[in-house]
Amino acid sequence: MKSEKKNIEVRCPACGRETLLLKKPLYEGFTRVGEELSCTLCGHVFSGEESVESVERSGPEIFSDDDRPAEVEIFGEEDAPAFCRQCEHYVVNPFMQWCAFHKQKVEATDTCRDFRRAEKNEP
């Protein structure tokens with residue numbers, strides 16, 4: 001099982017250096033019971049979240065909102081590829097995928113000239 005790890009910049013009281021705080025989850029069996037906080041440089045284990053001194057970074061603002069790229073939409077609804085899995089004739093059962101129009105086996109990513117987009121069934 002992979003453990004979730006998060007890093008936060010702190011000042012370590014044991015070694016006195018600015019470092020990353022390593023947060024590792026603690027488990028009893030399969031139940032998560034807390035987190036262990038430790039210094040990545042010297043391994044000092046903190047007693048709790050309140051004993052951690054965070055390092056605040058107040059550097060110059062390099063980029064503004066004007067520098068961010070515009071949202072890009074690759075496909076609009078009408079430009080979306082005409083894959084069989086989106087066609088109203090596409091039928092799936094446990095053993096094969098089937099085109100009810102051409103009466104033949106197909107794959108989900110196949111395309112054809114007789115494509116008709118299936119209506120979305122939204123509750």
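None of the values given here were measured: they were computed from a predicted structure.

Glancing now at empty space enclosed by the protein. Taken as a whole, this structure holds one cavity of 30 Å³ or more when the rule is applied. Each pocket or cavity is described by its volume, and for the largest cavity that value is around 60 Å³. Surrounding the largest cavity, Cys84, Cys87, His89, Tyr90, Trp98, Cys99, Phe101, His102, Val106, Cys112 and Asp114 form its lining. Residue composition of the lining of the largest cavity, grouped by class: eight nonpolar, two polar and one charged.

This brings us to the sheet that holds strand 6 (residues 90-92). Taken together, three strands build an open sheet; the order of strands is 6-7-8 and the sheet is antiparallel. The strands lining the two open edges of the sheet, one partner per strand, are strand 6 and strand 8 (104-105). Bridge count for strand 6 against strand 7 (residues 97-99) is three bridges, and the pairing is antiparallel. Along strand 7, the bridge assignment pairs Tyr90 with Cys99.

Turning to the environment of Thr111, a few remarks are in order. The topology assignment puts Thr111 in the segment after strand 8. The contacts of Thr111, once residues within four sequence positions are left out, are Ala82, Phe83 and Cys84.

Bringing the side chain of His89 into the picture now. Looking at where His89 falls in the secondary structure, it is placed in the loop between strand 5 (53-54) and strand 6. By relative accessible area, which is 13% here, His89 ends up buried. Ignoring sequence-local partners within four residues, the contact set of His89 consists of Trp98, Cys99, Ala100, Phe101, Asp114 and Arg116.

With that settled, the discussion passes to the pairing of strand 2 (residues 18-28). As judged from the eight bridges shared by strand 2 and strand 3 (residues 31-39), these two strands associate in the antiparallel manner. Residue pairing in the sheet places Glu28 in a bridge with Thr31 of strand 3. Here strand 2 folds back onto strand 3, and the loop between the two strands holds two residues, one of which, Gly29, carries a positive phi near 70°.

What counts and how
Here the residue numbering is sequential within each chain, running from 1 through the sequence in written order. Owing to the predicted nature of the model, reporting of local features is limited to residues with pLDDT of at least 70; listing and counting of side-chain atom pairs is limited to 80 or more, with chain, interface and lining totals taken over all residues. Excluded from the side-chain calculation are hydrogens and water; included are all heavy atoms of the structure. A 1.4 Å probe that fits but cannot get out identifies a cavity on a 1 Å grid over protein atoms alone, an open set with protein on both sides within 12 Å along at least five of seven lines counts as a pocket, and a residue lines either if it has an atom within 4 Å of a point. Grid points are joined across faces, edges and corners, and a volume is the space filled by probe spheres set on the points. Each residue is assigned to one of three groups, with Ala, Val, Leu, Ile, Met, Phe, Trp, Tyr, Cys and Pro labelled nonpolar, Asp, Glu, Lys and Arg labelled charged, and all others, Gly among them, labelled polar. We treat two strands as partners when DSSP finds at least two bridges between them. A run of H or I in DSSP becomes a helix once it reaches four residues, and a run of E becomes a strand once it reaches two; helices and strands are each numbered from the N terminus. Should any heavy atoms of two residues lie within 4.5 Å, those residues are considered in contact. Throughout this description, buried means an accessible area under 20% of the type-specific maximum (1.4 Å probe, protein chains only), exposed means over 50%, and partly exposed covers the range between.

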